[in-house]
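These are the residues of each chain, in order.
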Amino acid sequence: MSASVLRLDVEGVNVNANGAVSAVSLEGAINERVKLTFQLDDYAGTVPAIDDEVLFYYKDGTTVIFGGLIVDIRKVGVSDNNPDADVLEIECVDWERYTDWCSLSLSYAVPTALEDVIADMITEVFDEYDLTYTPTATGIMLAPFTWVGVSGAAAVRELRDRTQQVFKFNPDKSITTTAPGATSAPFAITDANLYRLAKLDVGTKARERANKVILTFGPTGPGETIEHTWIADGVATSFSLEGLNVRASDVWPGIVTIDGTPYPIWPAGEGPADAIEWGNAVDDGTLTFNGAFTAYIPNGAEIVLRYSPLYPFVIERTTGGAPPREYRASNDRITKYAVGEEIADQVLASLSQSTDGLVVELLTDELGFGPGQALSVNTTARGGVVADFLVASVSLEV
């Protein structure tokens, strides 16, 4: 693509009508904001401003391949030898930038489909920025959760972490989600297609991988009251939070309900023969039904405890592989145990499947490649590569 013929609109005006645009660079990676940078040299029109809307077109001049907002403007090239330099370097990011400007308050008491949550995000506030979403069945159910004044950007990031879906904020302001590799690159790399490439490089690259993940969630200290429910099986008489929910703080809950009826609880070892005891002082939190109270929890009985949790909490997941190869991370904003489990499961699934292996880099002027696509390579002419790849990043330079 020649810089002299490209079209780049700022607030609806083609700023390259007189060839003022140069050094165009477009970069995108899986679940990262697409970034566009360009330079304006001796531009005679209205100088672009922060938050101006930008559209960048393919060489046909009609297909938009980037849409977003200006986030940085700087004058470059000024020096003692060139004090009058009039070159602006402008950086833009895609429409996801709008999510930095807003917050969301949504609550789900039951498992909810990912597409329904995204649709609610649009209705709640995203539509005010003309962002759109067409609900498409993903097959992903999210555990109950609540957002209260959570930034739009943090909400999108959480959904990415919980689902490992590829979220895209497209040039037309639509939001789409797909599983990695669910869509294919515009063409496979075969001997017959090599003419469509200007370059094809093959190499090996180390990738982050793990067979055990240890994730820490939540702030530090007691949190607001939460609820945990056990369903009795008619056999067990002790019910623990360990591995099921956030451990308990030393704030005394006072009562437990069985099928809606409240009953008092005692500290572990301090109750009478017939009592319900609560062992938060010696473990994560265990209810024990003693004596006559064992008859209160027949098969199917619903036991509900409202208690004050103690953060942070840690969730570990492992494949059992040896030797251990650990991955550790923390997120102080996640306070729901079930949400933490979703994230831990997704992280382990991703890192345990990752291996060091072949990496291909290709250069083409054809439209349609994007992060998260599946790319098939089957060629003998350049290294004998036969493998399937995931497009991790795409870049364009003019």
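Residues numbered from 1 in each chain as written. Predicted model: local features only at pLDDT ≥ 70, side-chain atom pairs only at ≥ 80, totals over all residues. Heavy atoms only, no water.

Concerning the overall build of the protein chain
- When helices and strands are tallied, the protein chain shows three helices and 31 strands.
- Its C-alpha atoms give the protein chain a radius of gyration of 28 Å, more than 25% over the compact-globule value 21 Å for 398 residues.
- Taken over the C-alpha atoms alone, the protein chain extends approximately 90 × 50 × 45 Å along its principal axes.
- With 398 residues in all, the protein chain has 40% of them scored as buried.
- A fraction of 68% describes how many contacts in the protein chain between residues 6 or more apart in sequence connect residues 24 or more apart.
- Of the roughly 20,000 Å² of accessible surface on the protein chain, 49% is carried by carbon and sulfur atoms.
- The centroid of the 26 positive side-chain charges in the protein chain is displaced by 6 Å from the centroid of its 56 negative side-chain charges. (Helix = DSSP H or I, 4+ residues; strand = E, 2+ residues; numbered from the N terminus. Rg over C-alpha atoms; globule rule 2.2 N^0.38 Å. Buried < 20%, exposed > 50% of the residue type's maximum accessible area, 1.4 Å probe, protein only. Contact = heavy atoms within 4.5 Å. Areas by Shrake-Rupley, 256 points an atom, 1.4 Å probe, with all protein chains shown as cover. Lys, Arg positive; Asp, Glu negative; His and termini not counted. Charge placed at Lys NZ, Arg CZ, Asp CG, Glu CD.)

Brief notes about the pattern of salt bridges
- Under the definition given, this model contains 19 salt bridges.
- The partner of Asp365 in a salt bridge is Lys59, with the nearest N and O atoms 3.2 Å apart. Here Lys59 lies in the loop between strand 5 (53-57) and strand 6 (64-76) and Asp365 lies in the loop between strand 28 (357-363) and strand 29 (374-379), a separation of 306 residues in the sequence.
- The exposure class of Asp365 is partly exposed, given its relative accessible area of 47%.
- In this structure, Glu342 engages Arg162 in a salt bridge whose closest nitrogen and oxygen atoms are separated by 2.5 Å. (Salt bridge = Lys/Arg side-chain N within 4 Å of Asp/Glu carboxyl O.)

Here's the deal with the side chain of Thr112
- Assignment of secondary structure puts Thr112 in strand 9 (residues 112-113).
- Owing to a relative accessible area of 10%, Thr112 belongs among the buried residues under this scheme.
- Of note is the side chain of Thr112, whose polar atom sits 2.9 Å from the backbone oxygen of Val110.
- If sequence neighbours within four positions are ignored, Thr112 has contacts with Val117, Ile140, Met141 and Leu142. (Polar contact = N/O pair within 3.5 Å; in protein donor to acceptor, adjacent residues only side chain to side chain.)

Regarding the nonpolar core
- Core analysis: the largest hydrophobic core is formed by 65 residues, its most contacted members being Met121, Phe126, Trp147 and Leu287.
- Apart from residues lying up to four places away in sequence, Trp147 is in contact with Leu104, Ser105, Leu106, Val117, Met121, Ala155, Glu158, Leu159 and Arg333.
- Grouped together as the second largest cluster of nonpolar side chains are 18 residues, Val10, Leu36, Val54 and Cys92 included. (Core = buried A, V, L, I, M, F, W, Y, C linked by side-chain atoms within 4.5 Å.)

Describing the sheet that holds strand 4 (residues 35-41)
- The strand order across the open sheet formed by eight strands is 2-1-5-6-7-4-3-31, and the pairing between neighbours is antiparallel. Looking along the sheet, the strands with just one partner apiece sit at the ends: strand 2 (13-14) and strand 31 (393-397).
- Pairing between strand 4 and strand 7 (residues 87-94): seven bridges, direction antiparallel. Considered in strand 7, the bridge of Asp41 is made with Val87. (Pairing = 2+ DSSP bridges.)

Quick notes on the packing of helix 2 (residues 152-163) against helix 3 (residues 337-353)
- The geometry of helix 2 relative to helix 3 is characterised by a closest axis approach of 6 Å and an angle of 60° between their N-to-C directions. Considering the angle they form, helix 2 stands oblique to helix 3. Facing helix 2, whose interface residues are Glu158, Asp161, Arg162 and Thr163, helix 3 presents Val339, Glu342, Ile343 and Gln346. (Axes fitted to C-alpha atoms, helices over the stretch in contact; angles between N-to-C directions. Parallel < 35°, antiparallel > 145°, perpendicular 65-115°, else oblique.)

So, the side chain of Glu158
- Note on placement: Glu158 falls in helix 2.
- Given the relative accessible area of 6%, Glu158 is considered buried.
- Polar side-chain contacts of Glu158 include one of 2.2 Å to the side chain of Arg333.
- When residues no more than four places from it in sequence are discounted, the contact partners of Glu158 are Phe145, Trp147, Arg333, Ile334 and Val339.

Looking at the packing of aromatic side chains
- The final tally for this structure, using the stated rule, is 16 aromatic pairs.
- Here the aromatic rings of Tyr98 and Tyr129 are separated by 5.0 Å at their centres, their planes lie at 15°, and the arrangement is stacked. One end of the pair, Tyr98, is in the loop between strand 7 and strand 8 (103-108); the other, Tyr129, is in the loop between helix 1 (114-124) and strand 10 (132-133), and 31 residues separate them in sequence.
- Ring geometry for Phe187 against Phe369: centres 5.3 Å apart, planes inclined by 85°, an arrangement best described as edge-to-face. Taken together, the residues span a long stretch of sequence, with Phe187 in the loop between strand 14 (174-178) and strand 15 (189-190) and Phe369 in the loop between strand 28 and strand 29 at a distance of 182 residues.
- Joined through ring pairs, the aromatic side chains of Trp95, Tyr98, Trp101 and Tyr129 make up one cluster.
- A cation over an aromatic ring shows up here: Arg196 above the ring of Phe187, its NZ or CZ 4.0 Å from the ring centre. (Phe/Tyr/Trp six-rings, centres within 6.5 Å; stacked < 30°, edge-to-face > 60°. Lys NZ or Arg CZ within 6 Å of the ring centre and 35° of its normal.)

Here's the deal with the sheet that holds strand 24 (residues 286-289)
- The four strands lie next to each other as 19-24-23-22, forming an open sheet whose pairing is mixed. Each end of this open sheet is capped by a strand with a single partner; those strands are strand 19 (238-240) and strand 22 (266-267).
- Of the pairings in the sheet, the one linking strand 22 to strand 23 (residues 276-278) comprises two bridges and is parallel in character. Bridge pairing in strand 23 links Pro267 to Trp278.

Quick look at the packing of helix 1 against helix 2
- Closest axis-to-axis distance for the helix 1/helix 2 pair is 12 Å, and the angle between their directions is 175°. Classed by the angle they form, the pair helix 1 and helix 2 counts as roughly antiparallel. Of the residues in helix 2, those in contact with Leu114, Val117, Ile118 and Met121 of helix 1 are Ala155, Val156, Leu159 and Thr163.
- Tallied by class, residues from the contact of helix 1 with helix 2 come to seven nonpolar, one polar and no charged. (Nonpolar A, V, L, I, M, F, W, Y, C, P; charged D, E, K, R; others polar.)

Notes on unusual backbone geometry
- Along the chain, Tyr311 connects to Pro312 via a cis peptide bond; the corresponding omega equals 0°.
- Here Pro312 shows up in strand 26 (residues 310-318).
- With an omega of -5°, the peptide bond between Ala322 and Pro323 qualifies as cis.
- Structurally, the position occupied by Pro323 is in the loop between strand 26 and strand 27 (326-331).
- Of note, the phi angle at Asn31 is positive, near 55°, even though the residue is not glycine.
- As for its placement among the helices and strands, Asn31 is situated in the loop between strand 3 (21-29) and strand 4.
- A positive phi is found at Asp130, a non-glycine position, where the angle reads about 65°.

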